[in-house]
Amino acid sequence: MSSSSSSSSSSSSSSSLSSNDLHRIFQKLDRNGDGRVSLGELNWLLERVGMQYSLDELENLVGSSTLDFNEFLVFYDSISSRQKNEEVEEEDDLVKAFRVFDLNGDGFITSDELQSVLSRLGMWEENGGGDCRSMINVYDTNSDGVLDFDEFKNMMLLTSI
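Keep in mind it's a predicted model, so treat the numbers as computed, not measured. (Residues numbered from 1 in each chain as written. Predicted model: local features only at pLDDT ≥ 70, side-chain atom pairs only at ≥ 80, totals over all residues. Heavy atoms only, no water.)

Caption draft 1: Just the overall build of the protein, in detail. Within the protein, the regular secondary structure consists of eight helices and two strands. Counting from the amino terminus, helix and strand elements in the protein follow one another as α-α-β-α-α-β-α-α-α-α. Counting only residues that meet the buried cut, the protein has 25% of its 161 residues in that class. Pairs at least 24 apart in sequence give 46% of the contacts found in the protein among residues at least 6 apart. (Helix = DSSP H or I, 4+ residues; strand = E, 2+ residues; numbered from the N terminus. Buried < 20%, exposed > 50% of the residue type's maximum accessible area, 1.4 Å probe, protein only. Contact = heavy atoms within 4.5 Å.)

And the structure:
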């Protein structure tokens, strides 16, 4: 019993919006006050947060042309879990990329390892000198001269924009 309650509490605590927050959002979206949100109103909100769906796609996802509050919660949970799955996949890709650069497998990328991999990829010019040290220093938040996974992840996410 305790394991199921802890898993349900962890899923609700990982959600960025509380039930009260979601209820307020639902009420604002429900412009005519009928207790239902239309797909157009839902799409308006999704566009504001950077998610693009056609009304047909939304209807396929939702299964109807309007949502009551409980259906809105289910929809929010499905969108949130989809986004979390994408984040997990992105993290897995970053782990794989980190391992490419971490040649000795010690959990850190040194300037020599970075230079070696960049050279093999044809992305390093020998006359660049201290460029790899400089690249590492920019993202080396604890100033230990190497990149750990979190520093590498920040570097990749900040430079992939």
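Caption draft 2: Representation of the packing of helix α6 (residues 111–120) against helix α7 (residues 131–139). One can describe the packing of α6 onto α7 by two numbers: an axis separation of 9 Å at closest approach and a directional angle of 115°. You can see that α6 and α7 cross each other, and the crossing is right-handed. Mapping the contact onto sequence places S111, L114, Q115 and L118 in α6 and C132, R133, M135 and I136 in α7. Among the residues making up the contact of α6 with α7, the classes are represented as five nonpolar, two polar and one charged. (Axes fitted to C-alpha atoms, helices over the stretch in contact; angles between N-to-C directions. Left-handed = near helix turned anticlockwise from the far one by under 90°. Nonpolar A, V, L, I, M, F, W, Y, C, P; charged D, E, K, R; others polar.)

Caption draft 3: Summary view of unusual backbone geometry. Of note, the phi angle at S143 is positive, near 55°, even though the residue is not glycine. Among the structural elements, S143 can be located in the loop between α7 and α8 (149–159).

Caption draft 4: Molecular detail of the packing of aromatic side chains. Using the criterion set out here, one finds five aromatic pairs in the structure. A centroid spacing of 5.4 Å and a plane angle of 70° characterise the contact between F98 and F152, whose relative ring orientation is edge-to-face. Of this pair, F98 sits in helix α5 (residues 69–101) while F152 sits in helix α8, and the two are 54 residues apart along the sequence. Note on accessibility: F98 and F152 belong to one class, buried. With a centroid separation of 5.9 Å and an interplanar angle of 50°, the aromatic rings of F101 and F152 are classed as tilted. Taken as a pair, F101 in helix α5 and F152 in helix α8 lie far apart in primary sequence, 51 residues in all. (Phe/Tyr/Trp six-rings, centres within 6.5 Å; stacked < 30°, edge-to-face > 60°.)

Caption draft 5: Seen up close, the nonpolar core. Within the largest apolar cluster, 15 residues are counted, with the highest numbers of intra-cluster contacts made by L42, L46, L58, F72 and F75. Mapped onto this core, the elements with two or more residues apiece are α2 (19–29), α3 (39–48) and α5. The element that contributes the greatest number of residues to this core is α5, accounting for five residues. Once you skip the residues sitting within four places of it in the chain, L46 turns out to touch M51, Y53, L58 and F75. (Core = buried A, V, L, I, M, F, W, Y, C linked by side-chain atoms within 4.5 Å.)

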